[in-house]
Amino acid sequence: MPTFPAPAYPAIRMRRTRASAWSRALHAEHRLSPADFIWPLFITAGKQTQEPIASLPGVSRWSVDLAVARAKDAASAGIPCLALFPNTEADRRSDDGAEALNPDNLMCQAIRAIKDAVPDIGLLTDVALDPYTVHGQDGLLDEAGYVVNDATVDVLIGQSLNQAAAGADIIAPSDMMDGRIGAIREALEAEGHANVQIMAYAAKYASAFYGPFRDAVGSRGLLKGDKKNYQMDPANGAEALREVALDLAEGADSVMVKPGLPYLDIVARVKDAFDVPVFAYQVSGEYAMIEAAAAVGAGDRDALILETLTAFKRAGCTGVLTYHAMDAARLLNG
Ligand code: PBG
């Protein structure tokens, strides 16, 4: 058992260093910066098109030309990286998600256009089939509706190579199939993409916080059943460490925990156990929760944003995927 020193009050007063703003600034253990953020952007077809997402107030889908403008905003705010998600047109969705392999799909168009106009911003691209399938699942289904692992991994390899060829910097598999990190790494090496990184959605939970995202990519209404036979059970922590260990062994450059706030214990355990770059995704439902709280006056919006994002840093995150990235960067840039 740890022992504690005898009470030393008044020699020790914990409030002393908190007494003024300069002293609080001096003693801060963690500091947020716009460089901590990855900003998710939703892409839609068309030109000069902005489509607000009702369940994600303040977040829109952007046509590729406007996504380029958002990328410029992000770069000038000091945000180093964007995460791209396409809302695939309905007639391009299929049982097998083949549109994911189309070199001219929305994702690839957005990658090329942004890389062309803003070459210095990083692009993280989601690998999973849900924005491309008519059933909203992340992989291929057998007759029983089960997402089959190995055949799905084969398609994910093709999807990753397609994104890398278009110019993606970080491939981010969010599908939770077994063995996909190693398979994708091997294919990237073989095809001349040695410097394309992989950020593994290593510990991704079957969460109720993804609802607004599924609206944003148009898969909510399509999704049959749930994703519990591939995404993790929220009851499990040790299992997340096994997932992370496997993804690192297979060649992941960084790992992600998702959702964020309810899973900061997992972030801390991963950081302690592996001390590798660990990111967390403050997901759509978390964003919506903060916006809803602010809208009814339950808390100050700016303060809620900065407090929650600081909590990610304190837990051990290298960076955070957050829909509040631009708001937070504006607050931090003053
Ligand atoms: C899809 C994917 C999801 C999110 C990121 N990639 C949704 C899901 O797994 O159903 C959720 C992100 C968010 O809620 O903001 N593979």
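Residues numbered from 1 in each chain as written. Predicted model: local features only at pLDDT ≥ 70, side-chain atom pairs only at ≥ 80, totals over all residues.

A few words on the site of the ligand. In the neighbourhood of the ligand, the contacting residues comprise D126, A128, D130, D138, S174, Y210, F213, R214, K227, V283 and S284. Among the residues forming the shell around the ligand, the class breakdown is four nonpolar, two polar and five charged. (Near = placed C-beta within 6 Å. Nonpolar A, V, L, I, M, F, W, Y, C, P; charged D, E, K, R; others polar.)

This next bit is on the packing of helix α4 (residues 149-166) against helix α5 (residues 180-190). Interaxial distance between α4 and α5 falls to 9 Å at its minimum, and their mutual angle equals 45°. By the criterion of interaxial angle, the relationship of α4 to α5 is oblique. In this structure, α4 meets α5 at a crossing whose hand is right-handed. For the pair α4 and α5, the contacting residues are V153, L156, I157, S160, L161 and A164 in the first and R180, A183, I184, A187 and L188 in the second. Of the residues that constitute the contact of α4 with α5, the class distribution is nine nonpolar, one polar and one charged. (Axes fitted to C-alpha atoms, helices over the stretch in contact; angles between N-to-C directions. Helix = DSSP H or I, 4+ residues; strand = E, 2+ residues; numbered from the N terminus. Parallel < 35°, antiparallel > 145°, perpendicular 65-115°, else oblique. Left-handed = near helix turned anticlockwise from the far one by under 90°. Contact = placed C-beta atoms within 7 Å.)

Here the focus is the confidence of the model for the protein. Across the protein, pLDDT averages 97, with 99% of residues at or above 70. Among the scores for the predicted complex, ipTM is 0.97 and pTM is 0.96. (pLDDT = per-residue confidence, 0-100.)

Under the UniProt annotation, "active site" (unreviewed entry) lies at K204 and K258. Separation in sequence by 55 residues is not matched in space for these annotated residues, since their most distant C-alpha atoms are only 4.8 Å apart. As for its position among the elements, K204 is in strand β7 (residues 197-204). If near-sequence neighbours (up to four positions away) are discounted, K204 is found in contact with S174, M176, Q231, M232 and K258. Inspection of the secondary structure puts K258 in strand β8 (residues 254-258). The residues touching K258, leaving out its near neighbours within four places in the chain, are Y201, K204, Y205, A280, Y281 and V283. (UniProt positions renumbered as here; feature names shortened; annotations may be inferred.)

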